[in-house]
Amino acid sequence: MTAAAHVSRIAASFSSAWRGLMRCAGVVALAGCFYNPSGSVQTSEESTTASATTTGTSLSGEVTSTAPTSTTTSSEPTSTATTTSTSDTTSTTDGPGHRPEMCDPRHPGDPACGELYCVAFDTCNWCTAFTGDTTCSDVDAATPVCDPESGKCVECTAEDASACASETPVCDPESRNCVGCSEHSQCPNTACDIETGKCFPDEPGAIVFVENKPGGCGVAPAGTEDDPFCSLAEAAEALQESQPTTIKVKPGMPQMTPLALPIGDFVVAVRAADEQVPELEGSANTGPMIDVNSENRVYLWRLRIHRSGGDSLIRCAPQLPGLPGTLHVHDVRLFGDGSAATGLQTDDCAVRLARSRVWQCSGGGIEATGGSLRIDSSSLVANGSPASAFGALSLASPEEVVIRYSSFVDHPATTTSSTFHCGGPAPSGGVQLRNSLVLNLEPLESADCLGWLEATNSSVVEASSGNELAIHKDAALGPLEDAVYPPKVDGDLAGLAMWGEGDPRLDVDLTPIPVEAPSYAGCDQPQP
């Protein structure tokens, strides 16, 4: 044998031995092994099975161990499958701290780690085990945040929603994904454009202020917080089409000239400027306080609208047929105070009333012609009069009427009915009444409403006299508070309602509605 050939065989043997040792290290970490020149890897136990204990790191950083498992001598590296449970996933891949054949922490999303992450050379764990400058952004820029509960890289958490903006400004606490807004409180300085899921822009020129100051306003106010407009009518002149604008109303003199929008793509939110709910008093006006027109999209949030010199307190009545408006009314009080006006009048509009109160409007509560009407977690009390055409609701050829977790109480017998007055064809799905309360004098429905009402998990009581009405109220309700009859704990309304998909999550007072247990029918849940 030549010297060169001898050296070559030595080098080949050394290389083969080194590969065998590396493969051995991939099979049994923390256990002895030795190399067999035939190329197979054996553990220090010569029997066909050996008891081994593997270790891993929990999300809290504590070292944990799995139960002993059985390993079989093999010529190839093997891994022992363990089950790792998190708050929302169950993994059947190798658990935290397992050592794959190859894992490079310079690439923390190394596929060799499965759903775990490469946190050190040949070591996989949850993202909570990242060290140094490594973050979830190094795994995937689309999931930059480490969720301490699941140990997974996610788009956002309640503590870190920095990735949520533009069309998806809110972090969903369940999916930990950025989603569109659905509540104005999710856009603290402006409002939520619920139809698109975007927050109204929070920038100069997109927010204007209104305050009816006792001493009057200056000449040509700028509409800023320090120099507000005196009325909603002045604010309307500052609006521009296709530019969503928030009008923030500051507490001041209650008398207010109205907001009457022109035809066009005006997207407007009118809301309280701070925690105090402003009152807008309209008895001196000849029209409604808020008047929505064709192609308008308007949101009202946290306002108290008191009386009206016109036919209604607020109205959505498009001037161009076939070009409806959209009106969302959230956490608003419509107080007729005995005036002859209707609380809300809508004609071929899409209207949603949520967590709002309509009471003592002698012209009637809500009058809806065509369009769609949704009422969630709202209270209608003592609307209409013996001389009025209807009490709580007047519905003429509506396309859709859905009422959920709402209350209709104390409406008098009018010239037609106390609760439902109908005309024209019924909506295709009927008047859907879910988890709600109707407690009024007879007749509840006008003759044209017969067959319209589809009640589910609701209490519908038609009292023949004031005494009978009082008896039913005493069995189900407490005293009237801020236009709401609260339910009596364990009274007649207890356990009647059952939350379903699409139902509101909050009651009229922002109390959570139980979603997995029976609840109280009506707009209010007992305080926990």
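Residues numbered from 1 in each chain as written. Predicted model: local features only at pLDDT ≥ 70, side-chain atom pairs only at ≥ 80, totals over all residues. Heavy atoms only, no water.

K.L.:
Before we move on, could you go through the packing of aromatic side chains and cite the residues and values that matter?
P.N.:
Applying the stated criterion across every chain yields a total of four aromatic pairs. Here Y117 and F130 contribute two aromatic rings whose centre-to-centre distance is 5.7 Å and whose plane-to-plane angle is 55°, an arrangement assigned as tilted. Residue Y117 is found in strand β9 (residues 117-120), and its partner F130 is found in the loop between β10 (123-125) and β11 (145-146); the two are separated by 13 residues along the sequence. When its relative accessible area of 15% is taken as the criterion, F130 is described as buried. Taking 4.5 Å as the distance between ring centres and 10° as the angle between the ring planes, the aromatic pair formed by F335 and W359 counts as stacked. Of this pair, F335 sits in strand β27 (residues 333-335) while W359 sits in strand β30 (residues 357-359); the two residues are 24 residues apart in sequence, bridging distant segments of the chain. Here F335 and W359 have matching classes, each one buried. Directly above the aromatic system of W301 lies the positively charged group of R302, at a separation of 5.9 Å from the ring centroid. (Phe/Tyr/Trp six-rings, centres within 6.5 Å; stacked < 30°, edge-to-face > 60°. Helix = DSSP H or I, 4+ residues; strand = E, 2+ residues; numbered from the N terminus. Buried < 20%, exposed > 50% of the residue type's maximum accessible area, 1.4 Å probe, protein only. Lys NZ or Arg CZ within 6 Å of the ring centre and 35° of its normal.)

K.L.:
Which residues make up a negative patch on the surface, and what values do they have?
P.N.:
Together, E225, D226, D274 and E275 give the surface a local cluster of negative charge. For D226, a relative accessible area of 73% gives the class exposed. (Patch = residues over 30% accessible without salt bridge, like charges linked within 9 Å, V, L, I, M, F, W, Y side chains within 5 Å. Areas by Shrake-Rupley, 256 points an atom, 1.4 Å probe, with all protein chains shown as cover. Salt bridge = Lys/Arg side-chain N within 4 Å of Asp/Glu carboxyl O. Lys, Arg positive; Asp, Glu negative; His and termini not counted. Charge placed at Lys NZ, Arg CZ, Asp CG, Glu CD.)

K.L.:
Talk me through the state of the cysteines; I want residue IDs and the actual numbers.
P.N.:
Should the sulfur atoms of two cysteines be covalently bonded, the bond is a disulfide. With the rule as written, the count across this model stands at ten disulfides. Here C187 pairs with C199 through a disulfide, and the sulfurs are 2.0 Å apart. Where C187 bonds to C199 through sulfur, the torsion about that S-S bond is close to -75°, and the disulfide is left-handed. Within this pair, whereas C187 is found in the loop between β14 (178-179) and β15 (192-193), its partner C199 is found in strand β16 (residues 198-199), the two being separated by twelve residues in sequence. Classification of C187 as buried rests on a relative accessible area of 3%. (Disulfide = S-S within 2.5 Å.)

K.L.:
Describe the sheet that holds strand β41 (residues 459-463), and please don't skip the residues or the numbers.
P.N.:
Here we have eight strands laid out as an open sheet, ordered β21-β24-β27-β30-β33-β36-β39-β41, and parallel in their pairing. Single-partner strands in this sheet number two, and they are β21 (279-282) and β41. Neighbouring strand axes in the sheet, compared pairwise and without regard to direction, differ in orientation by 10° on average. Relative to β30, β27 is paired through three bridges, and the arrangement is parallel. What sits directly across from R333, in β30, is R357. (Pairing = 2+ DSSP bridges. Axes fitted to C-alpha atoms, helices over the stretch in contact; angles between N-to-C directions.)

K.L.:
Can you explain a nonpolar patch on the surface? Please cite residues and give values.
P.N.:
A contiguous nonpolar patch, built from I263, L320 and L323 and spanning about 200 Å² of accessible area, is present on the exposed surface. Tracing the backbone shows L320 in the loop between β25 (312-316) and β26 (326-330).

K.L.:
Tell me about the sheet that holds strand β22 (residues 290-292), and please be specific about residues and values.
P.N.:
If you trace the seven strands from one edge of the open sheet to the other, you get β19-β22-β25-β28-β31-β34-β37, paired in parallel fashion. Whereas interior strands pair on both sides, the edge strands pair on one side only; in this sheet they are β19 (259-260) and β37 (420-423). In this sheet, β25 lies alongside β22 in parallel orientation, the contact comprising three bridges. Bridged to D291 within β25 is R315.

K.L.:
An account of the side chain of N212 is needed here, citing residue identities and associated values.
P.N.:
Tracing the backbone through its elements, the reader meets N212 in the loop between β17 (207-210) and α2 (232-237). Of the polar contacts made by the side chain of N212, one reaches the backbone oxygen of Q255; its length is 2.5 Å. (Polar contact = N/O pair within 3.5 Å; in protein donor to acceptor, adjacent residues only side chain to side chain.)

K.L.:
Please provide a residue-by-residue account of the pairing of strand β38 (residues 431-434), values included.
P.N.:
The alternating pattern of β38 places V431 and L433 on a buried face and Q432 and R434 on a face that is not buried. Pairing of strand β35 (residues 400-404) with β38, which is carried by four bridges, proceeds in the parallel orientation. Within the sheet, the bridge partner assigned to V402 lies in β38 and is Q432. Bridge analysis of β38 against strand β40 (residues 453-456) gives four bridges, and the strand direction is parallel. Counterpart to L433 in the pairing with β40 is A455.

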